[in-house]
Amino acid sequence: MSNTAKLNVIGLLFGAMFGGVLGAMNLHEYDTIHAMLRLDEPDIFLFMASAIVVSAPLLWLLERTGFTTPLGGELRLSRSKPEAHHLKGGALFGIGWAIAGTCPAPALVMFSSGAMLSLIAIPGIFIGLHLRERQQRGAGHSGDGEHRDLVTLSK
Amino acid sequence: MYDLLPDRLPWFIGGPILGLLIVGLFVLANQPLGASGAYVQTAGLFRRSEGVVKWRVWYFVGLFVGGLLVTRVFREDAGVRSGYDALREVFPLGVTVPLVLGGAILLGYGAALAGGCTSGHGMCGTAQRSPASLAVTATFMATAILTTFILRIATGGAL
């Protein structure tokens, strides 16, 4: 199996496991996100925090030991400095997240769970991403985190 | 279909599992477990753009499949419904639809501008101790909580 094929299988499996965890935590439900942002219950904050508490030291250790990944070369973590676009983007994302009560990954789980208003949310996310991508096309990506490896799509 | 899972997995089980998934994708492929990038690549595939990162499209498919297994196979299937129960109790469908659409467009635009979303910056970026991700996460948490309180006040406490 080629490395590209292996990466595709890994993508599918990790997507499925992540989607499964989101579904198991009920994060695909508007009511769960809304209760979190109303500060009615701490569970989702604790869920996020505990994921970071587990992953951050392990990543730090792996990077420190110069770990080489089988499919992506030496492990390198992103340490971008905050710029204006991070704050502006974060602010708009937060407003949209509170109104729509979902974000990109949970919206897909919302659809697979049978909640039909996801058919409004998912195209909306695509439209919003497209509007920004169209603005920045040709100017290189401004990414960090998951967008750090994005190529500027040519069309 | 089956009733194998609790109504909600406890955070102290779900959180560490997610943490290990984040580490696992870095260990295998040196990649962050983010979702908005997967939307961009999937849109690129449909537009037949060059340079599409295919594994992110498979990741996009995986999110749907994993959600399907957990919400409709491993758990009692809630069936086809509108979703957005708390919002629907306050607003009719004619208001809910533009609200959800407008919110989704805003969050999509914001994610692209910030270079990531809740998973990319909030989880993976923070786990990498990226200052930019910490700034994005603090900003979106603050505006999301503020917006929720504004919505609550605007609806007289109904939402």
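See above for the structure.
## Notes on the interface of chain B and chain A
Moving on, step 1. With 116 residues of chain B at the interface, the matching set in chain A holds 107 residues.
Moving on, step 2. The set of elements that each furnish at least two residues to the side of chain B that touches chain A consists of helix 1 (11-29), helix 2 (36-46), helix 3 (54-73), helix 4 (85-90), helix 5 (93-114), helix 6 (118-127) and helix 7 (131-154) of chain B.
Moving on, step 3. Partitioned by chemical class, the residues of the side of chain B that touches chain A number 66 nonpolar, 40 polar and 10 charged.

## So, helix 6 (residues 118-136) of chain A
Moving on, step 1. The end-to-end C-alpha distance of helix 6 of chain A is 27 Å, a good match for the 27 Å that 19 residues give at a rise of 1.5 Å each.
Moving on, step 2. Looking at helix 6 of chain A, one finds that the buried residues are A:Ser118, A:Ile120, A:Ala121, A:Ile122, A:Gly124, A:Ile125, A:Gly128, A:Leu129, A:Arg132 and A:Glu133.
Moving on, step 3. Where helix 6 of chain A is buried, its residues touch helix 4 (84-100) and helix 5 (104-113) of chain A together with helix 2 and helix 5 of chain B.

## Here's the deal with the packing of helix 4 of chain A against helix 5 of chain B
Any two packed helices are characterised by how steeply their axes cross, that is the angle between the axes, and by the distance between the axes.
Moving on, step 1. Running from amino to carboxyl end, helix 4 of chain A crosses helix 5 of chain B at an angle of 155°, the nearest separation of the two axes being 7 Å. Relative to helix 5 of chain B, the element helix 4 of chain A lies roughly antiparallel. As for the relative orientation of helix 4 of chain A and helix 5 of chain B, their crossing is left-handed in sense. Contact residues: helix 4 of chain A offers A:His85, A:His86, A:Lys88, A:Gly89, A:Gly90, A:Leu92, A:Phe93, A:Ile95, A:Gly96, A:Trp97, A:Ile99 and A:Ala100, while helix 5 of chain B offers B:Leu99, B:Val100, B:Gly102, B:Gly103, B:Ala104, B:Leu106, B:Leu107, B:Tyr109, B:Gly110, B:Ala111, B:Leu113 and B:Ala114.
Moving on, step 2. Taken together, the residues of the contact of helix 4 of chain A with helix 5 of chain B break down into 15 nonpolar, eight polar and one charged.

Conventions adopted
- Residues numbered from 1 in each chain as written.
- Chains lettered and ligands numbered in written order.
- Predicted model: local features only at pLDDT ≥ 70, side-chain atom pairs only at ≥ 80, totals over all residues.
- Contact = placed C-beta atoms within 7 Å.
- Helix = DSSP H or I, 4+ residues; strand = E, 2+ residues; numbered from the N terminus.
- Nonpolar A, V, L, I, M, F, W, Y, C, P; charged D, E, K, R; others polar.
- Expected span 1.5 Å × (residues − 1).
- Buried ≥ 20, exposed ≤ 12 C-beta atoms within 10 Å, placed from the backbone.
- Axes fitted to C-alpha atoms, helices over the stretch in contact; angles between N-to-C directions.
- Parallel < 35°, antiparallel > 145°, perpendicular 65-115°, else oblique.
- Left-handed = near helix turned anticlockwise from the far one by under 90°.

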